[in-house]
Structure formats: structure tokens, C-alpha cells
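# Notes for the structure review
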Amino acid sequence: MKSLFSFFLFLSIVRPCFATTKEYVEIRNGEKLLTGIFQFRDESSPVIYFLQGFTCMSIGNLSENHPYNKLVDGFLEKGFSVFQLEKSGFGKFSNSVLCADIGFAEEVTDFEQGYEYLKKRFKGLENKIFIFGHSLGGSIAPLIATKFKPSGIVVYGAGIRSWSDYLIEVTRYQGIWNGRDYEENGLLLAKLKDYYYRWFNNGESLMEICRDTAAARVFSDLWGYSGTGHYFLGRHELFFRELNSVNYYGIWKWVSCPVYAIYGEADVEAIYPDDMKTISEIINHYKPGTGKFLILEGTDHLFAKTGTIENVIKLRKAGEYGNFIYENFNPAIIDEVTNFFHQSLE
């Protein structure tokens with residue numbers, strides 16, 4: 001039987017202050033091939049399993065100045081190894097369908113196989129494995145944690161409410177932030193509640209809902225959905241149905257390790273701190289003293305020091321946001337994550 005993992009190694013010289021070894025790891029999920037990326041300065045170091053956000057893209061081809069790479073560099077500099085898993089269809093070893101075509105449940109099992117790799121690599125030293133989940137990665141983190149028992153979790157810019165509720169709240173707040181009239185926004189929300197109920201609770205497809213020209217106009221204007229096909233925001237609609245079915249209030253209850261929930265004060269995507277605060281409250285309710293919450297001052301969803309939500313909106317409208325986040329990374333997030341994990345090792 002073929003081994004679950006194989007390796008391809010090379011020495012990376014792009015790190016500014018220190019040499020780092022990078023291994024591209026072949027990982028199987030059934031017949032699927034996935035690509036893991038393991039980076040370290042010292043193989044004996046504890047490891048952070050970095051779960052990325054929603055977007056279907058390769059994390060192995062990001063620019064050096066991308067916030068994710070700045071996070072990885074920071075984690076390495078603080079004495080941690082870092083493991084990442086390319087999403088389905090991306091990376092050196094992929095033979096699988098693109099992540100846009102799979103459901104949420106399959107994506108979770110992909111990331112579970114990544115953890116299986118870490119368990120084998122750190123056999124007997126499983127207490128050295130930690131999880132950092134960004135955005136959607138913060139929704140995958142507790143699902144993995146209830147199965148594999150990491151030594152600690154940090155989530156940033158994640159949510160706890162259902163996906164349908166999140167879509168409503170995104171429109172409620174982002175609509176006003178982007179200048180929509182309050183009355184108009186309220187009328188739109190009433191329509192969306194009906195459409196989302198039909199989509200997530202009644203099992204109607206987006207195409208069926210959008211046979212109604214009014215619904216088609218709303219989904220086109222708000223989300224860019226054409227009214228045909230099964231893809232929404234770059235993912236198959238099955239992904240959202242499966243994500244919406246997860247009761248995260250119940251999932252977080254069963255996470256047994258210390259958890260640090262961080263909300264960036266200027267996070268437009270996470271909207272407000274309530275969800276992150278609730279995660280820490282759930283952890284502390286069932287395991288007192290093991291949950292922690294922080295509002296990271298002036299920091300947005302991609303770890304940039306943008307100051308305020310209003311400034312994020314302004315930068316995006318001016319087309320300046322992309323360059324801004326590359327040049328204004330907030331290194332405080334690195335200290336918060338690594339200090340929390342170091343405390344868990346003591």
C-alpha cells in the first residue's frame with residue numbers, strides 16, 4: 001500500500017534574517033492528492049497549523065509581502081515551525097478537483113488529513129501541535145480540534161453564527177458603511193431573509209430562486225450572481241449549504257484546549273467583535289480560565305493597520321487597499337499568537 005505521505009525538500013533563501021527549510025509534502029485524502037507545505041528552522045520546534053481563509057487560491061505562490069507570508073515569517077522567527085495545506089486542486093502534487101467544486105465537508109476532511117500528517121511527524125510529541133485559523137480557517141479549526149486535540153487554538157476574524165445569519169449581517173452593516181440608504185437597506189434585508197430561508201432551509205437552488213426576476217436582480221447587484229449555474233462567491237452552492245448546517249455553538253463546547261479569539265478593530269469582513277467574544281465565553285463556560293478574547297486595535301481582516309472600518313472602506317473605494325495592506329502589516333498579531341502558544345507549552 002502506498003505511503004500516505006512523501007516529501008520533496010529544498011532550502012529556501014528568501015527569508016530576510018535566517019535560513020528556513022521548506023518541504024512540499026504529498027498528502028492523500030482517499031484518491032485525492034493534496035500539497036502540504038512544512039517550514040522550519042529547527043525540526044524539534046513546536047508547529048503552528050495555519051488554516052487559511054475562504055478564497056480558492058494557492059498559498060504557495062503568494063508574494064513575499066503578502067500578509068500570510070509575513071505571518072509565517074513571524075511565526076518562524078518566534079521559534080515555531082509552520083504547516084499549511086493547499087486547498088483542493090492547488091499545489092505541486094494536486095490531482096484533485098478545484099476547491100470551487102467541492103463542499104465544505106470535503107474541505108474539512110482535506111484539512112483533517114493535514115493534521116494526520118502532523119500527528120505522524122510529531123508522534124509522541126503531539127503536545128507541540130497548535131492551530132491558527134484565519135477567517136474561514138477559524139471555522140475549520142474547532143472541527144479539527146474536537147477530533148485531534150491540539151494544544152491550543154488562535155482564531156482571527158472568524159464567526160460563530162450560521163452562514164445565512166452571517167450573510168444577513170454582512171448586508172446589514174456593509175450596506176450602510178458603503179452608503180446604502182437605511183430604509184432601502186431594511187427592505188433589502190427583508191427580501192434576503194426570505195431568499196436565504198428558501199436556499200438553506202427549503203433546499204431550493206440559487207437558479208430556482210432566481211427565476212423570480214426580483215430575486216435575480218438582488219443576487220446580481222449584491223453578490224454578482226448571474227442567475228445561472230451553481231457557483232456563488234467562487235464556490236459551489238453545496239459548500240454554503242453544508243457550512244450553514246454546522247452548529248458552531250455546540251462545536252466550540254467540545255474543544256478541550258485553550259482558545260484565543262481575536263477580532264481586528266477594523267475588520268470589515270468579520271463585521272463586529274460579538275462572535276469572537278462569544279467563542280471565548282463558550283470556552284470559559286465549559287472550561288473556566290481557558291478562553292481569551294482580544295480586540296486588536298486598528299487592525300483589519302488581513303492584519304493591516306488601517307485604523308478604522310471607515311478607512312478600510314475609503315481605501316477600497318479609492319483602489320488603494322491592495323497596496324496598503326502589503327505595506328502596513330501589524331506585527332502585533334504575531335506576538336499575540338506566539339505568546340499564547342508559548343504559555344500553553346509552559
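Because the structure is a prediction, the values reported are computed rather than measured.

When two helices pack together, you describe them by how their axes are tilted relative to each other and by the distance separating the axes. Packing of helix 2 (residues 104-121) against helix 3 (residues 137-148) brings their axes to within 10 Å, and their N-to-C directions diverge by 50°. Considered as vectors, helix 2 and helix 3 are oriented oblique to each other. As helix 2 runs across helix 3, the sense of the crossing is right-handed. Across the interface between the two elements, Phe 104, Glu 107, Val 108, Phe 111, Glu 112, Tyr 115, Glu 116 and Lys 119 of helix 2 pack against Ile 140, Leu 143, Ile 144, Lys 147 and Phe 148 of helix 3. Looking at the contact of helix 2 with helix 3 residue by residue, the classes come out as eight nonpolar, no polar and five charged.

According to the stated counting rule, one finds 14 salt bridges in the structure shown. Between Glu 107 and Arg 235 there is a salt bridge, with its nearest N and O atoms 2.5 Å apart. With a gap of 128 residues between them, Glu 107 in helix 2 and Arg 235 in strand 9 (residues 235-236) connect regions that are remote in the sequence. You'll find Glu 107 and Arg 235 in the same group, each marked buried. Measuring nitrogen to oxygen at the nearest pair gives 3.3 Å for the salt bridge that ties Lys 147 to Glu 112. One end of the pair, Lys 147, is in helix 3; the other, Glu 112, is in helix 2, and 35 residues separate them in sequence.

Glancing now at the packing of aromatic side chains. Inspection of the entire model under this criterion finds 40 aromatic pairs. Both rings, one in Phe 340 and one in Phe 341, keep their centres 6.1 Å apart while their planes meet at 50°; by these two values the pair is tilted. In this pair, the class of Phe 340 matches that of Phe 341, namely buried. Stacked on the ring of Phe 54, the Lys or Arg Arg 235 has its end atom at 5.5 Å from the ring centre. The positively charged end of Lys 292 is found above the aromatic ring belonging to Tyr 260, 4.5 Å away from the centroid.

Given a rise of 1.5 Å per residue, twelve residues ought to cover 16 Å, and the 16 Å separating the end C-alpha atoms of helix 3 matches this to within 8%. With ten of twelve residues buried, helix 3 lies mostly within the body of the structure. For helix 3, the full list of buried residues reads Gly 137, Gly 138, Ser 139, Ile 140, Ala 141, Pro 142, Leu 143, Ile 144, Ala 145 and Phe 148. In this structure, the buried side of helix 3 is in contact with strand 4 (47-51), helix 2, strand 6 (129-134), strand 7 (153-156) and helix 9 (248-253).

In this fold, Tyr 231 is placed in strand 8 (residues 231-232). Through-space distance from the C-alpha of Tyr 231 to that of Pro 331 is 36 Å; in sequence the pair is 100 residues apart. A distance of 2.5 Å separates the side chain of Tyr 231 from the side chain of Asp 101, its partner in a polar contact.

Of all nine residues in strand 3 (residues 32-40), nine are buried, a share of seventy percent or more. Burial along strand 3 is two-sided: the face carrying Lys 32, Leu 34, Gly 36, Phe 38 and Phe 40 and the face carrying Leu 33, Thr 35, Ile 37 and Gln 39 are both buried. Pairing of strand 2 (residues 20-29) with strand 3 involves nine bridges; the strand directions are antiparallel. In the sheet register, Val 25 faces strand 3, and the bridge partner there is Gly 36. With antiparallel pairing between neighbouring strands as the criterion, strand 2 and strand 3 make up a hairpin whose turn holds two residues, including Gly 30 at a positive phi of roughly 65°. By the bridge criterion, four bridges tie strand 3 to strand 5 (residues 81-85) in an arrangement that is antiparallel.

In this structure, the largest pocket occupies an estimated 820 Å³ of space. Contributing to the lining of the largest pocket are 36 residues, with Phe 54, Ser 135, Tyr 166, Glu 269 and His 301 lying nearest its centre. The element that contributes the greatest number of residues to the lining of the largest pocket is helix 4 (residues 163-177), accounting for five residues. Residues that form the lining of the largest pocket fall into these classes: 20 nonpolar, twelve polar and four charged.

Moving on to the pairing of strand 4. Of all the five residues making up strand 4, five are buried; the element is thus mostly covered by neighbouring parts of the structure. The side-chain alternation of strand 4 yields two buried faces, one formed by Val 47, Tyr 49 and Leu 51 and the other by Ile 48 and Phe 50. Two elements, strand 4 and strand 5, share three bridges in a ladder whose sense is parallel. Looking across to strand 5, one finds that Tyr 49 is bridged to Phe 83. Of the crossover connections in this fold, the one passing from strand 4 over helix 1 (residues 67-77) to the parallel strand 5 is right-handed. Where strand 4 and strand 6 come together, five bridges link them in parallel fashion. Paired with Tyr 49 across the strands is Ile 131, a residue of strand 6.

Calculation notes
- Residues numbered from 1 in each chain as written.
- Predicted model: local features only at pLDDT ≥ 70, side-chain atom pairs only at ≥ 80, totals over all residues.
- Heavy atoms only, no water.
- Axes fitted to C-alpha atoms, helices over the stretch in contact; angles between N-to-C directions.
- Helix = DSSP H or I, 4+ residues; strand = E, 2+ residues; numbered from the N terminus.
- Parallel < 35°, antiparallel > 145°, perpendicular 65-115°, else oblique.
- Left-handed = near helix turned anticlockwise from the far one by under 90°.
- Contact = heavy atoms within 4.5 Å.
- Nonpolar A, V, L, I, M, F, W, Y, C, P; charged D, E, K, R; others polar.
- Salt bridge = Lys/Arg side-chain N within 4 Å of Asp/Glu carboxyl O.
- Buried < 20%, exposed > 50% of the residue type's maximum accessible area, 1.4 Å probe, protein only.
- Phe/Tyr/Trp six-rings, centres within 6.5 Å; stacked < 30°, edge-to-face > 60°.
- Lys NZ or Arg CZ within 6 Å of the ring centre and 35° of its normal.
- Expected span 1.5 Å × (residues − 1).
- Polar contact = N/O pair within 3.5 Å; in protein donor to acceptor, adjacent residues only side chain to side chain.
- Pairing = 2+ DSSP bridges.
- 1 Å grid on protein atoms, 1.4 Å probe; cavity = no way out; pocket = protein on both sides within 12 Å on 5 of 7 lines; lining within 4 Å.
- Points joined across faces, edges and corners; volume = space filled by probe spheres on them.
- Right-handed = clockwise from strand over helix to strand, strands pointing away.

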